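Residue-level structural notes
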Number of protein chains: 2
Amino acid sequence: MNTDDIAGFFARRQDLDPEAYLELDFAFECAGDPREAAAHLASEQSTAQWRRVGVDEDFRPRFAAKVVDLDATPREKFSVPVDGVPATDVHRVRVTLAHPHGNFGPRLPNLLSAVCGEGVFFVPKIPLIRLLDIRFPAAFLAAFAGPRFGIAGLRDLLRAYDRPIFFGVIKPNIGLPAEPFAEIGYQAMAGGLDIAKDDEMLADAPWCPLGERAALLGEAARKAGEETGEPKIYLANITDEVDRLIPLHDLAVARGAGAVLVNAMPVGLSAVRMLRAHASVPLIAHFPFVASFARLPWFGIHSRVLTRLQRLAGFDAVIMPGFGPRMMTPEAEVQDCIRACLEPMGDILPSLPVPGGSDSAATLERVFAKVGGVDFGFVPGRGVFGHPMGPAAGARSLRQAWDAIAAGVPVAERAAKHPELAAALAAFGG
Amino acid sequence: MNTDDIAGFFARRQDLDPEAYLELDFAFECAGDPREAAAHLASEQSTAQWRRVGVDEDFRPRFAAKVVDLDATPREKFSVPVDGVPATDVHRVRVTLAHPHGNFGPRLPNLLSAVCGEGVFFVPKIPLIRLLDIRFPAAFLAAFAGPRFGIAGLRDLLRAYDRPIFFGVIKPNIGLPAEPFAEIGYQAMAGGLDIAKDDEMLADAPWCPLGERAALLGEAARKAGEETGEPKIYLANITDEVDRLIPLHDLAVARGAGAVLVNAMPVGLSAVRMLRAHASVPLIAHFPFVASFARLPWFGIHSRVLTRLQRLAGFDAVIMPGFGPRMMTPEAEVQDCIRACLEPMGDILPSLPVPGGSDSAATLERVFAKVGGVDFGFVPGRGVFGHPMGPAAGARSLRQAWDAIAAGVPVAERAAKHPELAAALAAFGG
């Protein structure tokens with residue numbers, strides 16, 4: 001690119017119609033001129049060739065992505081070894097691009113193709129790049145329905161206010177037939193879980209068919225709800241081939257599921273949007289596959305971007321890697337994802353953030369403190385279903401821990417009067 | 001895990017029913033005992049908790065993933081800086097796991113959830129891991145239709161044998177209205193392209209609606225086919241929301257498209273499988289998003305895995321990052337992906353590999369030599385549509401280069417008699 005070519009991919013924010021552009025934050029490391037690298041980034045994801053041969057035209061004013069912010073710092077070398085790009089004149093660069101969404105319209109697959117595609121990960125002299133964040137103007141958001149229930153709707157279904165929502169992953173997750181599976185689910189709901197959920201790997205398996213599972217767990221939820229006076233939800237994993245999502249939703253709901261779980265990336269965000277238009281119960285997202293592109297600090301896609309897209313696609317709750325070393329996610333990134341669920345987003349309802357990973361009564365206080373509020377879901381697996389006194393006691397230990405926290409009493413102190421809590425702290429307290 | 005726990009996740013291949021298991025090759029770097037790390041990897045992706053509390057049962061024999069091969073080499077430290085896992089007693093490990101596919105059945109989203117999910121990227125003491133390859137037994141493959149046409153079917157449609165298939169990406173890709181877009185597509189097909197294709201970022205846009213584009217380019221393909229005596233195909237990008245794939249396929253085909261392009265990961269592999277059951281024309285895959293998890297040598301998912309899954313989902317051709325530094329993909333990985341398209345896979349037809357990236361008449365000989373055969377697609381963009389003499393000359397230069405290669409004549413020598421080829425070598429030959 002010559003100087004004029006480069007200039008065609010730069011703009012001042014105030015000269016652009018803000019409703020016509022997405023904003024994208026990238027961090028990258030490049031060799032050579034950072035302005036030229038940023039211009040290539042803008043070009044490759046929009047008008048890579050902006051005129052026909054022999055025709056005097058320029059598609060950039062309307063169709064080019066434009067660099068609106070750039071901050072470059074020289075570095076001695078790339079953060080990690082890189083093949084094929086000489087490590088000379090290396091910079092670490094932070095850019096914001098304004099990307100005209102009219103290039104593709106309010107369509108999730110085309111959005112992903114433009115902002116996470118060849119035009120990001122195959123840009124000359126940018127071997128390391130990470131999409132850090134995405135912001136949508138109201139004009140783009142208006143085409144999306146977002147969550148049907150959101151946090152307030154979920155709370156109304158459960159009549160659970162001013163406290164976290166207590167999920168539990170029924171375990172053993174793989175291999176247990178529907179009847180004993182439902183029995184331990186029942187115990188945990190009777191003990192205090194709001195939502196007994198299928199593991200994200202549990203499909204409509206012959207040894208535990210979804211229809212049978214939903215019938216038994218729907219009945220378990222009804223019974224536990226009646227006994228405790230608190231509505232309960234069985235959360236059925238309907239992750240399956242795209243053309244089975246709606247039939248499985250209908251089957252699960254008809255049998256007794258009160259919400260459905262979908263593994264967002266394996267199924268695809270667009271299929272979730274399709275399901276959202278049909279679904280009559282809350283949609284809960286699980287995160288398999290996301291770490292493969294979100295884990296590393298200098299490459300891929302920040303998980304907050306996926307959180308925003310899951311909310312946009314219509315998930316009422318987003319299960320995400322949570323706090324603590326077990327989930328290998330920096331605390332700041334978990335906080336970013338929680339904020340992405342909660343903060344204003346046009347008319348799109350907030351999604352319930354559910355930061356998870358080896359939780360139990362022993363970690364509740366820490367998670368609550370880090371979230372800084374009650375609007376979150378708490379999702380132990382072993383912390384309930386591996387509790388030494390059984391699942392009912394495991395669930396009870398969560399509620400006991402929460403009662404202590406809500407009363408401002410140290411959880412360990414409260415344990416003296418509650419054997420379930422004491423056993424949880426002993427087993428999982430580390 | 002204690003020694004017995006670990007042993008429960010190891011098996012000898014000869015003791016397992018090969019038809020009941022997928023095989024997965026992983027490379028990882030771990031801290032501490034490599035056998036324990038591998039057992040955790042097997043456990044996390046299958047029976048993480050293999051018994052109920054207080055019940056004498058063990059789900060591992062039938063449901064656990066099992067380590068069948070392990071090779072560990074001590075290292076001084078991790079390949080790249082890692083947070084949260086102390087770099088003590090580091091090993092680089094290569095394992096093969098046998099994963100019981102009955103855990104989830106022949107369903108792509110559930111397969112991805114199990115083998116690219118939490119059970120791979122959140123395994124204790126394994127901060128760096130890459131899924132290198134996947135092998136399917138006949139019992140699993142039998143549930144998949146695979147490509148409808150495959151390479152032989154594509155060749156029959158084009159009556160193009162014993163040579164590469166010449167694709168070209170119509171450029172400018174974004175912003176050009178349907179009429180001039182079709183005009184340059186026509187020129188390139190008349191000049192010698194087999195397939196004039198939409199860019200992967202070109203959607204059903206208001207300034208170039210798919211229906212209008214397909215009508216004009218269908219007519220262009222018909223006309224160019226008649227004039228050249230070679231059937232031509234307009235390849236329409238129908239990437240869109242999942243619930244529009246079938247309507248857009250029907251629209252594009254009715255108007256004149258001879259094949260459809262789908263961005264596999266942004267749309268989702270399962271949606272492609274759904275489309276495959278309906279589609280009447282070849283399905284061609286493009287690769288946006290894949291690099292975000294496939295690019296790095298010590299993390300994520302090897303692109304060959306995605307290639308195999310795209311073939312399984314039913315793509316007749318797979319466009320992939322090709323040879324040369326521009327596409328930042330090691331040559332061995334491109335070769336692996338090409339082989340994944342071509343090698344035997346049960347009754348699943350081969351897919352045409354289309355390694356692409358800044359190609360032109362100047363790179364054809366190199367690509368042909370590296371592929372080692374004629375069964376590939378060649379997909380220039382600028383090499384045709386940025387040719388200094390225009391798109392017809394750009395396409396002609398490809399065929400001239402191929403004629404030279406087929407005749408065993410050096411391409412540069414042939415250029416002396418062919419101004420289009422000479423211009424291509426001058427413009428793109430580097």
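Residues numbered from 1 in each chain as written. Chains lettered and ligands numbered in written order. Predicted model: local features only at pLDDT ≥ 70, side-chain atom pairs only at ≥ 80, totals over all residues. Heavy atoms only, no water.

Going by what an unreviewed UniProt entry lists, chain A is known as Ribulose 1,5-bisphosphate carboxylase and is assigned to Rhodoplanes elegans. The annotation that UniProt attaches to chain A under Sequence similarities (unreviewed entry) is "Belongs to the RuBisCO large chain family." (UniProt positions renumbered as here; feature names shortened; annotations may be inferred.)

Observations concerning the side chain of Q310 of chain B
Residues and elements named next belong to chain B. Structurally, Q310 is set in helix α14 (residues 303-313). With relative accessibility at 4%, the residue Q310 sits in the buried group. Once residues within four sequence positions are removed from consideration, Q310 is found in contact with A264, L269, A285, H286, F315 and V318. (Helix = DSSP H or I, 4+ residues; strand = E, 2+ residues; numbered from the N terminus. Buried < 20%, exposed > 50% of the residue type's maximum accessible area, 1.4 Å probe, protein only. Contact = heavy atoms within 4.5 Å.)

Quick look at helix α10 (residues 245-255) of chain A
An α-helical turn contains 3.6 residues, so any two residues separated by three or four positions project in the same direction. Where α10 of chain A is concerned, the buried positions are L245, L248, H249 and A252 of chain A. Axial view of α10 of chain A: buried residues confined to an arc of 105 degrees, hence all on one face. (Arc of directions from axis to C-beta.)

Looking at the interface of chain B and chain A
Accessible area lost upon the coming together of the parts is a frequently used measure of interface size. The partner chain A presents 89 residues to the 89 residues of chain B that form the contact. Contact between chain B and chain A buries roughly 7,300 Å² in total, counting both sides, with carbon and sulfur atoms accounting for 63%. The interface formed by chain B and chain A holds 6 salt bridges in total. The residue E241 of chain A makes a salt bridge to R273 of chain B at a minimum N-O spacing of 2.4 Å. (Buried area = accessible area lost by both parts, 1.4 Å probe. Salt bridge = Lys/Arg side-chain N within 4 Å of Asp/Glu carboxyl O.)

A few points about the UniProt feature "domain: Ribulose bisphosphate carboxylase large subunit C-terminal" (unreviewed entry) in chain A
The feature "domain: Ribulose bisphosphate carboxylase large subunit C-terminal" (unreviewed entry), as annotated in UniProt, sits at residues 150-427 of chain A in this numbering. Spanning residues 150-427 of chain A, this segment combines 49% helix with 13% strand, and its end C-alpha atoms are found 34 Å apart.

Some words on the pairing of strand β7 (residues 233-237) of chain A
Residues and elements named next belong to chain A. By the criterion of burial, β7 is predominantly enclosed, with 5 of the 5 residues buried. Of the two faces of β7, the one holding I233, L235 and N237 and the one holding Y234 and A236 are both buried throughout. Traced from strand β6 (residues 195-197) through helix α9 (residues 210-228) to β7, the parallel crossover comes out right-handed. Relative to strand β8 (residues 259-263), β7 runs parallel, the two being bridged by 3 bridges. The residue of β8 that forms the bridge with A236 is V260. In this fold, the crossover linking β7 to β8 by way of α10 has right-handed handedness. (Right-handed = clockwise from strand over helix to strand, strands pointing away. Pairing = 2+ DSSP bridges.)

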